[in-house]
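# Tertiary structure, described
Take a look at the letters that make up each chain.
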Amino acid sequence: MDTALFAAWIEETARTVAAERERLTGLDAAIGDADHGANLDRGFTAVTTALADRAPGTPGSLLVLVGNTLIRKVGGASGPLYGTAFREAGKTLGDTPEVSVAQLHAALEAGLAGVRKLGSAAEGDKTMVDALAPAVRALEAAVQDGKAPAEAIGAAAAAARTGAEATIPMQARKGRASYLGPRSVGHEDPGAASTALVLSALHTVAAR
């Protein structure tokens, strides 16, 4: 998996987020600030502009640029959290020109660790961690099974979708949704939903 694939991933993510902007905002309207879709759309639009202006030479440098741009451009909690995830993933990849599935797993694991540290969130708190953590585990299992990149990433994307759906019956323990207490039950977490979209976009590109 080279830099072109990672650039295509980000472009597909931007397209998917734009298409799902209203759904994400609707999810956030139920338990948050009603701005998650708009914020992410604005952020990934800025990311695509930044990548067009300066094409990074490696997957790692590309993800670091994505992370830094999201931190600068996206408001609320999602900018720092997504920005940290991408930046930590990119730093883990370093200067390698091509990325194996095992290296991708290490990168996403580092991104997850960054999100957990910044947000002090664990699985079951009804956050993006509930989608990202099972995706990282599924990717690790796929690596151990020797699966091809597209199949391995597909397993991670499916795990993220399942994890996002599993937030519906949860009561939020972190973020603005936690202020609602029991009223947060019955709604999918918008951060988990968008995390599933990001990983689905990666699978779409990897499967081409």
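Everything below is about the structure printed above this text.
Presented here is an overview of the structure given in this document. (Residues numbered from 1 in each chain as written. Predicted model: local features only at pLDDT ≥ 70, side-chain atom pairs only at ≥ 80, totals over all residues. Heavy atoms only, no water.)

In this section: helix α7 (residues 129–144). In this model, α7 (16 residues) spans 22 Å end to end at C-alpha, consistent with the 22 Å of a helix rising 1.5 Å per residue. Among the residues of α7, those classed as buried are Val129, Asp130, Ala131, Leu132, Ala133, Pro134, Ala135, Val136, Ala138, Leu139 and Ala142. Next to the buried residues of α7 lie α6 (101–119), α8 (149–165) and α9 (190–206). Of the residues one or two after α7, Gly146 is the one with positive phi, at around 75°. (Helix = DSSP H or I, 4+ residues; strand = E, 2+ residues; numbered from the N terminus. Expected span 1.5 Å × (residues − 1). Buried < 20%, exposed > 50% of the residue type's maximum accessible area, 1.4 Å probe, protein only. Contact = heavy atoms within 4.5 Å.)

To continue, consider the packing of helix α2 (residues 21–31) against α9. Contact pair α2 / α9: the axes reach a minimum separation of 9 Å and the direction vectors enclose 160°. When the axes of α2 and α9 are compared, the pair comes out roughly antiparallel. Handedness of the α2/α9 crossing: right-handed. Facing α2, whose interface residues are Arg23, Leu24, Leu27, Asp28 and Ile31, α9 presents Pro190, Ala193, Ser194 and Leu197. In terms of residue class, the contact of α2 with α9 is built from six nonpolar, one polar and two charged. (Axes fitted to C-alpha atoms, helices over the stretch in contact; angles between N-to-C directions. Parallel < 35°, antiparallel > 145°, perpendicular 65-115°, else oblique. Left-handed = near helix turned anticlockwise from the far one by under 90°. Nonpolar A, V, L, I, M, F, W, Y, C, P; charged D, E, K, R; others polar.)

With that out of the way, let us pick up empty space enclosed by the protein. Enumeration over the complete set of coordinates arrives at one cavity of 30 Å³ or more. Roughly 170 Å³ of volume is contained in the largest cavity. For the largest cavity, the lining is made up of 16 residues, of which Ala85, Phe86, Leu108, Leu132 and Val198 are closest to its centre. Broken down by secondary-structure element, the contributors of at least two residues to the lining of the largest cavity are α5 (78–93), α6 and α9. (1 Å grid on protein atoms, 1.4 Å probe; cavity = no way out; pocket = protein on both sides within 12 Å on 5 of 7 lines; lining within 4 Å. Points joined across faces, edges and corners; volume = space filled by probe spheres on them.)

A few words now on the environment of Gly114. Among the secondary structure elements, Gly114 is positioned in helix α6. Classification of Gly114 by relative accessible area gives buried; the value is 12%. Considered as a pair, Gly114 and Lys126 are twelve residues apart in the sequence and their alpha carbons are 17 Å apart. In contact with Gly114, other than residues within four places in its own chain, are Thr84 and Glu88.

Let us look at the nonpolar core. Grouped together as the largest cluster of nonpolar side chains are 61 residues, with contacts concentrated most on Phe6, Trp9, Ile10, Phe44, Phe86 and Leu104. Counting residues per element, this core draws most heavily on α9, which supplies ten residues. Apart from the residues lying within four places of it in its own chain, the contact partners of Trp9 are Leu63, Phe86, Val198, Ala201, Leu202 and Val205. (Core = buried A, V, L, I, M, F, W, Y, C linked by side-chain atoms within 4.5 Å.)

Moving on, we get to the environment of Gly111. By the element assignment, Gly111 lies in helix α6. For Gly111, a relative accessible area of 2% gives the class buried. Distance in space between the C-alpha atoms of Gly111 and Leu132 is 9.1 Å, their sequence separation being 21 residues. The residues touching Gly111, leaving out its near neighbours within four places in the chain, are Ala85, Glu88 and Ala89.

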